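# Survey of secondary and tertiary structure
In case you want the letters, here they are:
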Amino acid sequence: MKRVVRVVVGLAMLVPALGAGGAMAGTAGATGSSVGSPLDWGACPVSAKAEAAGSGAVISRSAPAVSGVECATVRVPLDYHEPLGQSITLALNRIKAKVPRDGNHLGSLLVNPGGPGASGRSLAEYVSAALSQKVADRYDIIGFDPRGVGNSEPSMHCVDAATYYAPPRPDAVPRGQEDEKVLLGRATDYANRCGDLWAWLLPHLTTENTARDMDAIRAALGEPQISFLGYSYGTYIGAVYATLFPDRVKHLVMDSTVDPEGVWYKANLAQDKAFERRHHEFLAWTAKNNNVYKLGGSATQTTFAWYAMRSRLHDRPAGGVVGPSELDDTFTVGGYTDRIWPDLAAAWSKYVRQGDAKGLVDVFNKYGKQDADDENGYAIYLSVQCRDVQWPKSWTKWRTDMTRMHKQAPFLTWPNAWYNAPCAFWSVPGGTPVKIHASRRLPSILMIQSKDDAATPYQGALNMRKLFPSARMIVDGGGNHGASLAGNQCVDRHLVAYLLDGTVPRHGAECQRLPAPKPMAHMAASGPLGHERLTELLSR
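Residues numbered from 1 in each chain as written. Predicted model: local features only at pLDDT ≥ 70, side-chain atom pairs only at ≥ 80, totals over all residues. Heavy atoms only, no water.

### Overview of the overall build of the protein
Looking only at helices and strands, one finds 19 helices and 11 strands in the protein. Relative to all contacts within the protein whose residues are 6 or more apart in sequence, the contacts with residues 24 or more apart total 79%. Surface summary for the protein: the accessible area is close to 21,500 Å², and the carbon and sulfur share equals 52%. (Helix = DSSP H or I, 4+ residues; strand = E, 2+ residues; numbered from the N terminus. Contact = heavy atoms within 4.5 Å. Areas by Shrake-Rupley, 256 points an atom, 1.4 Å probe, with all protein chains shown as cover.)

Below, the structure is given as structure tokens:
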């Protein structure tokens, strides 16, 4: 998988992309282009969701309203070893700088929210709205859907989402061999479906190819260099890009950094421990606010109450919808951001204290429910991670590791294991990841990291920093995933300074964590704001 092949541009190939099952499928939209062609920016297509909801619909549940968004597509080789062969299409959007190119224009800033499998187009709109105007006005902010994602073609789906995610799903924590057999069946079936439908595409869904696609976008933009803001898994894309194309990096921001030494099986085990600590923080916060929630005055008591609730939902799902797995999905989002802790605690309290199941159903619908977009993201997540590296193929090893880890970290170990379990049965063998290293030609790099981040633990960021001597890291003392453009003005000042002229913080610089959220007795009725909205983009 990891061979260095130059992106070939200037080719006039008009090869249509293959759809699922091998049928020929054209590309959508009037802004398509051949491989290497200049981008043809135009009006953005209306999504199917928006068309179904009518003209007043919100196209994305996550993106703020931003005027002047343009869209385009770019064709890239399916296989960079065969640049004259099959091509696929990537969907892009752009919020143009306000200053002219011959003025104080700073070039193009590409953004990626992670995943793998997350769309960057919604993030581009978010960044444009949230970034200081003195910076946003000077960059063309570019979002892209990585290969197989969202509006890129083909857009990968392996199963019918409504059926696959129909609640209540089997409990992710097996109580015996029969439970494990059911869960293994779901994992193998999903892997087989992806293999049957997308055998031609799966070998080419890798982080390396995503980085090469980024360079194809750079070339199509006509930029000698690009700046990049990557969150979560997006930091790994950025690190691979910097390794392959160091001369083409102008600025590189890595926020919530993936551990380059852990891809990917070890990284999940590290996540299990980190989410356990973060969930304990939530339980301790709930206990501290026992006068509001009345679920126990100590973390020990709230821990007992939470697992008692989970056990009860196994036999009696709340509203016939929220079983243990739906509860896990919903409360896991609380590991990404403490901004939603009041929502979660209020729903939990109503269920325990008043027997009101509606609150749990409401927070599930708001934070945990998954749809076709999520299934697309999941298909790409697995396709990239299962292909990037070799995974254990012995289920005995998985069971042994998870049984041991579950004793230390019961909150996420088994849900996380089953989320990744299709990699044990994936039809395409895993490869060898790019060996990340720094060239002396790289500019200064800005890393941003929350000290108690659960999704990308702090130690992983330290491991990445060792590989890039030009990197400086600003540490947010909190635990939210995605620290920049999320309300911490100290962090954002460092981001602005770096994007303007490459200024990096001093060694050991830290920003205070944001205050803990205030408790409330009732769920918020308003839509997501601030870090909650960013979390939607990073955790989908």
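### Let's talk about the pattern of salt bridges
Any two side chains of opposite charge can pair, so long as their charged atoms come close to each other. In total, this model carries 22 salt bridges according to the counting rule given. When the shortest N-O distance is used, the salt bridge between Arg101 and Glu223 registers 2.8 Å. Here the residue Arg101 occupies a position in the loop between β4 (87–95) and β5 (108–112), and Glu223 occupies one in the loop between α6 (207–221) and β7 (226–231), the gap between them amounting to 122 residues. On the accessibility criterion, Glu223 (7% relative accessible area) is buried. Arg121 is the salt-bridge partner of Asp145, the closest N and O atoms lying 2.8 Å from each other. With Asp145 in strand β6 (residues 140–145) and Arg121 in helix α2 (residues 121–130), the pair connects residues that are 24 residues apart, well separated along the chain. Exposure class is identical for Asp145 and Arg121. Each is buried. (Salt bridge = Lys/Arg side-chain N within 4 Å of Asp/Glu carboxyl O. Buried < 20%, exposed > 50% of the residue type's maximum accessible area, 1.4 Å probe, protein only.)

### Looking at the packing of aromatic side chains
The description of an aromatic ring pair uses the distance of the two centres, along with the angle that the planes make with each other. According to the stated counting rule, one finds 27 aromatic pairs in the structure shown. Ring centres of Tyr236 and Trp264 lie 5.2 Å apart, and the angle between their planes is 75°; this geometry places the pair in the edge-to-face category. Of this pair, Tyr236 sits in helix α7 (residues 233–244) while Trp264 sits in the loop between β8 (249–255) and α8 (265–288), placing them 28 residues apart in sequence. No difference in accessibility class separates Tyr236 from Trp264, as the two residues are buried. An aromatic cluster of at least three residues, connected via ring pairs, comprises Phe282, Trp285, Tyr293, Trp306, Tyr307, Phe331, Trp341, Trp348 and Phe411. Sitting above the plane of the Tyr164 ring, Arg186 keeps its charged end 4.3 Å from the centroid. The cationic tip of Lys451 hangs over the ring face of Tyr458; the distance from NZ or CZ to the ring centre is 6.0 Å. (Phe/Tyr/Trp six-rings, centres within 6.5 Å; stacked < 30°, edge-to-face > 60°. Lys NZ or Arg CZ within 6 Å of the ring centre and 35° of its normal.)

### Structural notes on the pairing of strand β9 (residues 445–450)
Summarising burial for β9: 6 of the 6 residues are buried, a large majority. Here β9 shows no split at all, with Ile445, Met447 and Gln449 on one side and Leu446, Ile448 and Ser450 on the other all buried. The pairing of β8 with β9 spans 4 bridges and is classified as parallel. Residue Met254 lies in a different strand from β9, and its bridge partner there is Met447. Sheet topology places β9 next to strand β10 (residues 471–476); 6 bridges connect them, and they run parallel. Paired with Ser450 across the two strands is Asp476, which belongs to β10. Regarding the hand of the β-α-β motif, the stretch spanning β9, helix α17 (residues 458–467) and β10 is right-handed. (Pairing = 2+ DSSP bridges. Right-handed = clockwise from strand over helix to strand, strands pointing away.)

### Digging into the packing of helix α12 (residues 341–354) against helix α13 (residues 358–368)
Between α12 and α13, the least distance of the axes is 8 Å, while the angle of their chain directions is 150°. With respect to α13, the element α12 is oriented roughly antiparallel. Of the residues in α13, those touching α12 at Asp343, Leu344, Ala347, Trp348 and Tyr351 are Gly359, Leu360, Val363, Lys366 and Tyr367. Grouping the amino acids of the contact of α12 with α13 by side-chain chemistry returns 7 nonpolar, 1 polar and 2 charged. (Axes fitted to C-alpha atoms, helices over the stretch in contact; angles between N-to-C directions. Parallel < 35°, antiparallel > 145°, perpendicular 65-115°, else oblique. Nonpolar A, V, L, I, M, F, W, Y, C, P; charged D, E, K, R; others polar.)

### Re the state of the cysteines
Taken as a whole and assessed by the stated rule, the structure comprises 4 disulfides. One disulfide in the model links Cys158 with Cys194; its S-S distance is 2.1 Å. Across the S-S bond linking Cys158 and Cys194, the dihedral sits near 120°, which makes this disulfide right-handed. Separated by 36 residues along the polypeptide, Cys158 in the loop between β6 and α4 (161–164) and Cys194 in helix α5 (residues 177–197) bring together distant segments of the chain. Neither Cys158 nor Cys194 differs from the other in exposure class; each is buried. The partner cysteine of Cys490 in its disulfide is Cys511, sulfur to sulfur 2.0 Å. Disulfide Cys490-Cys511: the torsion about the S-S bond is -70°, which places it as left-handed. Residue Cys490 is found in helix α18 (residues 489–501), and its partner Cys511 is found in strand β11 (residues 510–511); the two are separated by 21 residues along the sequence. (Disulfide = S-S within 2.5 Å.)

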